[in-house]
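Notes for the structure review
Chain by chain, the residues run as shown.
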Amino acid sequence: MNSMMIIGQYVPGNSLVHRLDPRMKITIIFLFVIVVFFANNLASYSILTAFAIITTFITRIPLRFILKGLTPIWFLIVFTFVLHLIVTKEGTVLVEILGFKIYSGALIQGLAISLRFFLLILITSLLTLTTTPIEITDAIEDMLHGLKKIKFPVHELALMMSISLRFIPTLLQETDKISKAQASRGVDFRTGPIKERIKAIVPLLVPLFVSAFKRAEELAMAMEARGYQGGEGRTKLRQLKIKSSDLIVLLFFLAIVVGLFLTRSY
Amino acid sequence: MDITFKDVNYIYQANSPFAHKALEKLSFHIPSGTFVAVVGHTGSGKSTLIQHLNGLLTPTSGEVQIGDYYITSEKKPENLKELRSKVGVVFQYPEHQLFDETVEKDISFGPRNFGVAEDEINARIKEIIPAVGLDEKLLERSPFDLSGGQMRRVAIAGVLAIKPEILVLDEPTAGLDPRGQREIMDMFYALHKEQNLTTFLVTHSMEDAVRYADHVIIMNKGTKYMEGTPEEVFTQKEALNQVQLDVPEIIQFLNAFESRFGISLAFKRQSVRDLATQIKEAFEGVKSDE
Amino acid sequence: MREKFIEFRNVSFRYGEEQPWVLENVSFEIYKDEWVAIIGHNGSGKSTIAKLMNGLLYPQQGEIIINGIQVTAETVWDVRKQVGMVFQNPDNQFVGTTVQDDVAFGMENRGVPREEMVRRIEEVLKAVRMEDYLLTEPHRLSGGQKQRIAIASVLAIKPQVLILDEATAMLDPRGRKEIMQTVSEIQERNEISLITITHDLQEVVQAERVIVMNKGHVWDEATPREVFAKKDELREIGLDVPFVAILADELKRNNMRLSNEPLNHEELLEELWTLHSKM
Ligand SMILES: Nc1ncnc2c1ncn2[C@@H]1O[C@H](COP(=O)(O)OP(=O)(O)OP(=O)(O)O)[C@@H](O)[C@H]1O
Ligand SMILES: Nc1ncnc2c1ncn2[C@@H]1O[C@H](COP(=O)(O)OP(=O)(O)OP(=O)(O)O)[C@@H](O)[C@H]1O
Ligand SMILES: [Mg+2]
Ligand SMILES: [Mg+2]
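In this numbering scheme, every chain counts its residues from 1 along its sequence in written order. All chains are assigned letters beginning with A, and all ligands numbers beginning with 1, in the order in which they are written. It should be noted that, the model being predicted, local features are given only for residues of pLDDT at least 70 and side-chain atom pairs only at 80 or more, the latter also being counted only at that level, while totals for whole chains, interfaces and linings use all residues. Water and hydrogen atoms play no part in the side-chain values, which are based on all heavy atoms of the structure.

**Quick look at the interface of chain C and chain B**
Interface size is commonly expressed as the accessible area that is lost once the parts come together. Two residues form a contact once any of their heavy atoms are found within 4.5 Å. Facing 35 residues of chain C, the contacting portion of chain B comprises 34 residues. The quantity reported as buried area is the accessible area (1.4 Å probe) lost by two parts once they are put together, taken as the sum for both. Here chain C and chain B share an interface that buries about 3300 Å² over both sides, 61% of which is from carbon and sulfur atoms. Together, Arg 174, Phe 243 and Leu 269 of chain C form the three largest contributors to the area buried by chain C at its contact with chain B, with a combined 19%. Salt bridges are identified by distance alone: a Lys or Arg side-chain nitrogen within 4 Å of an Asp or Glu carboxyl oxygen. Viewed at the interface, chain B and chain C are joined by four salt bridges. Here Arg 260 of chain B makes a salt bridge to Glu 270 of chain C, at a shortest N to O gap of 3.2 Å. Within 3.5 Å is the distance limit for a polar contact, defined as a pair of N or O atoms, with the added protein rule that one can donate a hydrogen and the other accept it, and that residues adjacent in sequence qualify only through two side-chain atoms. Between the two partners, chain C and chain B, sit 13 residue pairs in polar contact (both at pLDDT 80 or more). Classes in brief: Ala, Val, Leu, Ile, Met, Phe, Trp, Tyr, Cys and Pro nonpolar; Asp, Glu, Lys and Arg charged; the others, Gly included, polar. Grouping the amino acids of the side of chain C that touches chain B by side-chain chemistry returns 16 nonpolar, nine polar and 10 charged.

Shown next as structure tokens:
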């Protein structure tokens, strides 16, 4: 369960990446995701890979930890790679294994697609690893600000998101606790026929729902007691401010994009 | 069943930036039939410790031995389920684990999982319901329609229905009113004596530790800080204060009494009534000496 | 005569038409700057009383007056400005994703300007000794620390009365003691009323007055000393008495005449001293 939990879990830190304005991070990642699809040769891929690796190092999050967090994704990456090897038939035949001809084009394409995939996942997980969920929420609320004019409930949405984020660790703890309690009463969640295992989930889900409802009820009450009556007339503690370092990072990133377009083959 | 911990270490989320050492070089031996109180400040590792007793957690290194079952970092026993049928665990706020449609079904859930025959289960329920202070009329009710105190009792009944040889209690009376607390603890104690159980009680109440335990383990930051009989452990005021614990009120009083009157009354887990007699005798003794 | 701050006048309440009455004809008064403890068995109606005090529930009969205002749907937001409440479960009242967000929440709701918020956050976190945890997330705090933050959040809106509904029940003894110390300091400094709902006898003896609830009725309303003198009756309604009171009782049984009803070790030792020198 732990490796699953680690994907996207915020790792506290004070690196340049951590301190970037979350809106800037989201913008850059958005651009990166688009730009990745323009890379098409060794040089352009190298530039993007170098960017991703340097950014990773700047965050000072141990590489081992990031890679371990990506474990479930490795499978997909390898799968994509193998799929390409088998399906693509371009270039010269390199080797023949078990009747399958592996073409050089397939190897290159497989590598390129897997690398692209890897870079996308790495960069997006860097966002969640270096940005608290609440910062992401703030950034989204701010970026959607314009929608308030068409009566889109931006504030309520953001509040709901931040509260769900706030409760994820609590609910995970709760799940852990209840499954341990039921395991002590002889439930086996791990082995046995599928049908039995599905049945074993009921004693986990029912208490989980009951407690989630109870929490929601108590939380609503606590919020009301503290004077919450909707977004109207509220002030905000959190304020986002673009700093000069944000702009410098953006410029740096744009330079990389330019570099990419100069080196890619047309 | 005897319980032995040998150099047990436990690390939560090992190999991650969140790695957290919750138990460190923990060793102790508890003979079968002992009532053990585990005491320590919040976060000292008490709940982590007891989760090793039925293999919910396996030590990161070291060895846990429960009767003939060995649990080490390399291997859990294959018959983990068998072990769990012998170790009943009442978690903190156990009412959170209720789920079934009726009280009766919820109580039978544990024994049924462990393959106990239906008529045996029914016999056990008949016995347990009055013991935990519930009414048979509640058996057909939904556990979610009950009061907090009743739900707690149903959850406890569900663990007792397993007929464990080792009973593990993690702050079982938190949130109950004084009478409820007393009733439930007395019930556990009676059961401990009657069925010759080995009992682990995690508690913040020094008074309960003094009242019920034969043996006390004091935890501090994941390590064993002290262990011994209540008399040995609880008289060490300075040492306990250092790990943010207070001595039981009766000992606080005996200390205050001594510094006021210069008369030292030994702590022998005496009842308040006996203490009153001792005070009277001490006063009369002093007078007749003069 | 002290100034009344909270007044319950013949209040009856039930959670639904078909449900039994949870409170019946409850009347009491709580004065400015006073510390009142409410005790009673599980289900005796303590939490219901607390929720009635700040308009989370409304009584079917009788009226509740807070600082001269009757609590109704119209006045409820004014009432809530004056009544701060801390609940039992530290997890279910932590709204913010970090400590500072949580403390800010109540102020944001009331439209407090940002600079003022920042200032008050610092001030109240100091008061609960949590100033080093400004950016910490709730799941990295212990239960006791979360409760301190809950108290800070309530203090930030400068209430006239602070209600703690079993706010220390989920903490260890040391955590309890620390919270109660913090709270009583704050009460004295800010001259607010304090209402603590609790099963912890150590907390009860510190209060000036105790309201004892039994099955939805006010069973007694007196000083801790007077209340704990009724040992047997208290036990009958599911409550307990402090160690000192029990010991005093046993001493009396041994014909040692204590002239007063002691509540703490010092008082009991004092009594014994007098007795001893007379023997
Ligand atoms: N699932 C978990 N993941 C990471 N750390 C944990 C986990 N469970 C507990 N810990 C940490 O391990 C330490 C020991 O926790 P444990 O629950 O054993 O303490 P405890 O003595 O039972 O405390 P309490 O009196 O508050 O119940 C604590 O610092 C806690 O934060
Ligand atoms: N939301 C609710 N709906 C229906 N009945 C309720 C609700 N909340 C409480 N009750 C009932 O009202 C009665 C009084 O409950 P209350 O929570 O006020 O008691 P309490 O004195 O605070 O008890 P405790 O010591 O357990 O906290 C109980 O019988 C309870 O079952
Ligand atoms: Mg614990
Ligand atoms: Mg209550």
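Picking up where we left off.
**Quick word on the pattern of salt bridges**
Residues and elements named next belong to chain C. Counted by the stated rule, this structure contains 51 salt bridges over all chains. Between Glu 185 and Arg 129 there is a salt bridge, with the nearest N and O atoms lying 3.8 Å from each other. You can see Glu 185 sitting in helix α6 (residues 173-190) and its partner Arg 129 sitting in the loop between α4 (114-127) and α5 (143-155), a full 56 residues away along the chain. One salt-bridge network, held together by shared partners, links Lys 4, Glu 7, Arg 9, Glu 29 and Glu 63. The way it works is that DSSP assigns letters per residue, a run of H or I at least four long becomes a helix, a run of E at least two long becomes a strand, and they are numbered from the N terminus.

**Thoughts on the site of ligand 2**
Residues and elements named next belong to chain C. Residues are counted as near a molecule or strand when any one of their heavy atoms sits within 4 Å of it. In the vicinity of ligand 2, the residues found are Tyr 15, Val 22, His 41, Asn 42, Gly 43, Ser 44, Gly 45, Lys 46, Ser 47, Thr 48, Glu 166 and His 199. One nitrogen or oxygen atom from the side chain of Lys 46 is found 2.7 Å from an oxygen atom belonging to ligand 2. If ligand 2 stood free it would expose 640 Å²; the protein chains cover 62% of that surface. Top contributing element to the shell around ligand 2 by residue count: helix α1 (residues 46-53), with three residues. Computed by Shrake-Rupley with a 1.4 Å probe, the accessible areas treat only the displayed protein chains as cover when residues are assessed.

**So, the packing of helix α3 (residues 103-113) of chain B against helix α5 (residues 148-160) of chain B**
Geometry of a packed helix pair, given as the angle between the helix axes and the separation of the axes. Residue and element names in this part refer to chain B. Axis separation between α3 and α5 bottoms out at 7 Å; the angle between their running directions is 30 degrees. Judged by the inter-axis angle, α3 sits roughly parallel to α5. Crossing of α3 against α5: the hand is right-handed. On the side of α3, the interface is formed by Val 103, Ile 107 and Pro 111, while α5 contributes Val 154, Ala 157 and Gly 158. Looking at the contact of α3 with α5, its residues break down into five nonpolar, one polar and no charged. To get an axis, fit a line to the C-alpha atoms, keeping to the stretch in contact for a helix; angles then go from 0 to 180 degrees between the N-to-C directions. The cut-offs work like this: below 35 degrees is roughly parallel, past 145 is roughly antiparallel, 65 to 115 is roughly perpendicular, and the gaps in between are oblique. The crossing is said to be left-handed when, going from far helix to near helix, the turn is anticlockwise and less than a right angle, and right-handed when the turn is clockwise.

**Topic: the interface of chain C and chain A**
Taken residue by residue, the interface counts 38 residues in chain C and 30 residues in chain A. When chain C packs against chain A, close to 3100 Å² is buried across both sides, 53% of that on carbon and sulfur atoms. As a salt-bridge pair, Arg 234 of chain A and Glu 108 of chain C come within 3.1 Å of each other at their nearest N and O atoms. There are 15 residue pairs in polar contact (both at pLDDT 80 or more) connecting chain C and chain A. Contributions of two or more residues to the side of chain C that touches chain A are made by α2 (76-82), α3 (99-109) and α4 of chain C. Here the side of chain C that touches chain A takes 10 residues from α3 of chain C, the largest share from any one element. Its residues assigned to classes, the side of chain C that touches chain A comprises 15 nonpolar, 13 polar and 10 charged.

**Some details on the site of ligand 1**
All names here are of chain B. Neighbouring ligand 1 are 13 residues, the closest being Thr 42, Gly 43, Lys 46, Ser 47 and Thr 48. Here an oxygen atom of ligand 1 and a side-chain polar atom of Lys 46 are 2.7 Å apart. Between Ser 47 and ligand 1, the recorded distance is 2.7 Å, taken from a side-chain N or O atom to an oxygen atom. Out of a free accessible area of 640 Å², ligand 1 has 68% covered by protein chains. Those elements giving two or more residues to the shell around ligand 1 turn out to be β2 (20-30) and α1 (46-50).

**Remarks on the sheet that holds strand β10 (residues 223-228) of chain B**
All names here are of chain B. Think of it this way: DSSP has to see at least two bridges between two strands before they count as a pair. Reading across from one edge, β6-β7-β8-β3-β9-β10 is the order of the six strands in this open sheet, with mixed pairing throughout. Each of the sheet's edge strands pairs with one partner strand only, and the pair in question is β6 (87-90) and β10. Taking the axes of each pair of neighbouring strands and ignoring which way they run, one obtains an average angle of 15 degrees across the sheet. Sheet topology places strand β9 (residues 215-220) next to β10; five bridges connect them, and they run antiparallel. When the bridges of β10 are listed, Ile 217 appears paired with Glu 227.

**Here's the deal with the sheet that holds strand β8 (residues 193-197) of chain C**
All names here are of chain C. One open sheet accounts for six strands, arranged β6-β7-β8-β3-β9-β10; its pairing is mixed. The strands lining the two open edges of the sheet, one partner per strand, are β6 (83-86) and β10 (217-222). Taken pair by pair, the neighbouring strands of this sheet meet at an average axis angle of 15 degrees, ignoring direction. The sheet contact formed by strand β3 (residues 35-40) and β8 spans four bridges and is parallel. Paired with Val 36 across the strands is Ile 195, a residue of β8.

**Considerations on the nonpolar core**
Membership of the largest hydrophobic core comes to 76 residues, with the highest contact counts inside it found for Phe 253, Phe 257 and Ile 279 of chain B together with Leu 247 and Leu 272 of chain C. Per element, the largest residue contribution to this core is seven residues, and it comes from α5 of chain B. In contact with Phe 253 of chain B, other than residues within four places in its own chain, are Leu 275 and Ile 279 of chain B together with Phe 243, Leu 247, His 265, Leu 268, Leu 269 and Leu 272 of chain C. Membership of the second largest hydrophobic core comes to 52 residues, among which are Ala 127, Ile 186, Leu 194 and Ala 222 of chain C. Residues belong to one nonpolar core when they are buried, are Ala, Val, Leu, Ile, Met, Phe, Trp, Tyr or Cys, and are joined through side-chain atoms within 4.5 Å. Throughout this description, buried means an accessible area under 20% of the type-specific maximum (1.4 Å probe, protein chains only), exposed means over 50%, and partly exposed covers the range between.

**Side note on unusual backbone geometry**
A positive phi is found at Arg 60 of chain A, a non-glycine position, where the angle reads about 60 degrees. Mapped onto the elements of the fold, Arg 60 of chain A is located in the loop between α4 (42-59) and α5 (63-69). Residue classification places Arg 60 of chain A among the exposed positions, given a relative accessible area of 71%. A positive phi angle, close to 40 degrees, is found at Glu 171 of chain B, a residue other than glycine.

**Comments concerning the side chain of Arg 80 of chain C**
Secondary-structure assignment places Arg 80 of chain C in helix α2. Under the relative-accessibility criterion, Arg 80 of chain C is labelled buried at 1%. In this structure, Arg 80 of chain C is in contact with Glu 224 and Ala 225 of chain A together with Asn 54, Gly 55, Leu 56 and Arg 110 of chain C, ignoring residues within four places of it in sequence.

**Some remarks on the pairing of strand β2 (residues 100-103) of chain A**
Residue and element names in this part refer to chain A. Pairing between strand β1 (residues 93-97) and β2: four bridges, direction antiparallel. By the bridge assignment, Glu 96 is partnered in β2 with Lys 101. Counted between consecutive antiparallel strands, the loop separating β1 from β2 contains two residues, among which Leu 98 sits at a positive phi close to 50 degrees.

**Comments concerning the confidence of the model for chain C**
pLDDT expresses how confident the predictor is about each individual residue, on a scale running from 0 to 100. On average, residues of chain C carry a pLDDT of 90, and 99% of them reach 70 or more. Predicted complex, confidence summary: ipTM 0.89, pTM 0.84.

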